[in-house]
Amino acid sequence: MHGETIVVLGGTKGIGLAVARKAAARGARVIVAARGAAGLATLKAELPAIQTHAVDAADASALEAFCASLGKVDHLYNAAGAFVGGTLMGGDMATFRAAFEARIWGAAVAIRALGSKIPAGGSVVLTGGLSTDRPVAGAWATAMATAAAEQMARALALELAPVRVNAVAPGWTDTPMWDAIFGADKQTYFTDVAAKLPVGRLAQADEVADAVLFLMANRAITGEVVHVDGGHRLV
Ligand SMILES: NC(=O)c1ccc[n+]([C@@H]2O[C@H](COP(=O)([O-])OP(=O)(O)OC[C@H]3O[C@@H](n4cnc5c(N)ncnc54)[C@H](OP(=O)(O)O)[C@@H]3O)[C@@H](O)[C@H]2O)c1
């Protein structure tokens, strides 16, 4: 990874931030895009060598312009996205659509714009999730989005070859995404979930990031989905 260029969409918090930090520590040239100026500034203060860009992955023209400004890219990781809850019968359709905008359409736009800039053996890593195999009532849009990301990896592994396309599928992972959803109740939910897991604990963002870096580095793997869920699919 030393000297390679890694682009992380959604790299200022959680799993994407952990990927950016680890890639930088391995000597990669890291380029991070996210929406919030504060997160980008904090990352820049921590790691000045990382290039930061304010981009909304749900805004196709902004994302295309950002991708067009880049040179050769060895690996792309898409962490942009979020859990979207709500029932189909009771929720808001525009909100449901938003579950797909950054994570699926954003990924597609970025891959289309960067595909020819990724050399043979380079890779794209997408983010699926536990809800592909274990959907929960009241979060159908997220389940659809995680499944779509995983299937996109399989389908594009064929189209983009010899560029590799894989996905990581996190289970419940302790990141800022859940602060926004659960607020002060986060720890109660986490303790509950952890008690049911074979590993007895939730994953940390660093552990999911390790799987992302593994998928980037291992040139024999494509069209694969690596689960980092503490055995959650089994219980
Ligand atoms: N944490 C989990 O338990 C878990 C489990 C399964 C799957 N996932 C998925 O993994 C991905 C990363 O999750 P996380 O927990 O690390 O989330 P997080 O802590 O909320 O971090 C998300 C990152 O993506 C950026 N982002 C969000 N929407 C964006 C957009 N439209 N354009 C550009 N950047 C955007 C955020 O920065 P800004 O807000 O400043 O843009 C932030 O840097 C998400 O797709 C999530 O659904 C997470």
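The preceding data block contains the structure.
Rules used throughout
Residues numbered from 1 in each chain as written. Predicted model: local features only at pLDDT ≥ 70, side-chain atom pairs only at ≥ 80, totals over all residues. Heavy atoms only, no water. Near = heavy atom within 4 Å. Polar contact = N/O pair within 3.5 Å; in protein donor to acceptor, adjacent residues only side chain to side chain. Areas by Shrake-Rupley, 256 points an atom, 1.4 Å probe, with all protein chains shown as cover. Helix = DSSP H or I, 4+ residues; strand = E, 2+ residues; numbered from the N terminus. Nonpolar A, V, L, I, M, F, W, Y, C, P; charged D, E, K, R; others polar. Salt bridge = Lys/Arg side-chain N within 4 Å of Asp/Glu carboxyl O. Buried < 20%, exposed > 50% of the residue type's maximum accessible area, 1.4 Å probe, protein only. Core = buried A, V, L, I, M, F, W, Y, C linked by side-chain atoms within 4.5 Å. Contact = heavy atoms within 4.5 Å. Expected span 1.5 Å × (residues − 1). Axes fitted to C-alpha atoms, helices over the stretch in contact; angles between N-to-C directions. Parallel < 35°, antiparallel > 145°, perpendicular 65-115°, else oblique. Left-handed = near helix turned anticlockwise from the far one by under 90°.

Chemist: For this particular structure, what's the right way to read the site of the ligand?
Modeler: Around the ligand sit 30 residues in total, of which Thr12, Ala57, Thr173, Thr175 and Trp178 are the nearest. In this structure, Arg35 approaches the ligand through a main-chain N or O atom, which is 2.8 Å from an oxygen atom. Contact between the ligand and Trp178: an oxygen atom at 2.7 Å from a side-chain N or O atom of the residue. A total of 880 Å² of accessible area belongs to the ligand in isolation, and the protein chains cover 92% of it. Elements supplying a minimum of two residues to the shell around the ligand: α1 (14-25), α4 (93-114) and α6 (176-182). Per-element accounting of the shell around the ligand gives the leading share, three residues, to α6. Among the residues making up the shell around the ligand, the classes are represented as 15 nonpolar, eleven polar and four charged.

Chemist: Which parts of the structure should I look at to understand the pattern of salt bridges?
Modeler: One side chain can pair with another of opposite charge once the charged atoms of both are near each other. Evaluated as defined, the whole model comprises nine salt bridges. For Asp210, the salt bridge identified is with Lys22, shortest N-O distance 2.9 Å. Here Lys22 lies in helix α1 and Asp210 lies in helix α8 (residues 205-217), a separation of 188 residues in the sequence. When its relative accessible area of 23% is taken as the criterion, Lys22 is described as partly exposed. A salt bridge links Asp174 to Lys186; the shortest N-O distance between them is 2.8 Å. One end of the pair, Asp174, is in strand β7 (residues 173-174); the other, Lys186, is in helix α7 (residues 186-196), and twelve residues separate them in sequence. A relative accessible area of 11% places Lys186 in the buried class. By sharing partners, the salt bridges in this structure join Asp174, Asp179 and Lys186 into a single network.

Chemist: Please explain the nonpolar core as it appears in this structure.
Modeler: Nonpolar side chains in soluble globular proteins generally cluster together in the buried interior. Grouped together as the largest cluster of nonpolar side chains are 40 residues, with contacts concentrated most on Leu9, Leu63, Phe66 and Leu126. Elements that contribute at least two residues to this core include exactly β1 (5-9), β2 (29-34), α3 (60-68), α4, β5 (123-127), α5 (140-159) and β6 (164-170). Examining the composition of this core, we find that ten residues originate from one element, α4, more than from any other. Discounting residues that sit within four places of it in the chain, Phe66 has contacts with Val7, Leu9, Ile31, Ala33, His53 and Val55.

Chemist: What exactly am I supposed to notice about α1 here?
Modeler: Residues spaced three or four apart along an α-helix face the same direction, because each turn holds 3.6 residues. Taking 1.5 Å per residue, twelve residues should reach 16 Å; α1 reaches 17 Å between its end C-alpha atoms and fits that length. Within α1 the residues assigned to the buried category are Gly14, Ile15, Gly16, Leu17, Ala18, Val19, Ala20 and Ala23. In the stretch just after α1, Gly27 is the one whose phi turns positive, near 90°.

Chemist: I'm lost on the packing of α1 against α8 in this one. Help?
Modeler: Axis angle and axis distance: for two packed helices, these are the angle between their axes and the distance between the axes, and together they describe the pair. For the pair α1 and α8, interaxial distance at closest approach is 8 Å and the crossing angle is 60°. Classed by the angle they form, the pair α1 and α8 counts as oblique. Read as a crossing pair, α1 and α8 show a hand that is right-handed. On the side of α1, the interface is formed by Gly14, Ile15, Ala18, Val19, Lys22 and Ala23, while α8 contributes Ala205, Asp206, Val208, Ala209, Asp210, Val212, Leu213 and Met216.

Chemist: What should I look at first to understand the side chain of Asn166 in this one?
Modeler: Relative to the helices and strands, Asn166 is located in strand β6. Polar side-chain contacts of Asn166 include one of 3.1 Å to the backbone nitrogen of Gly223. Excluding its chain neighbours within four sequence positions, the residues that come into contact with Asn166 are Val124, Val125, Leu126, Ala153, Leu215, Ile221, Thr222, Gly223 and Glu224.

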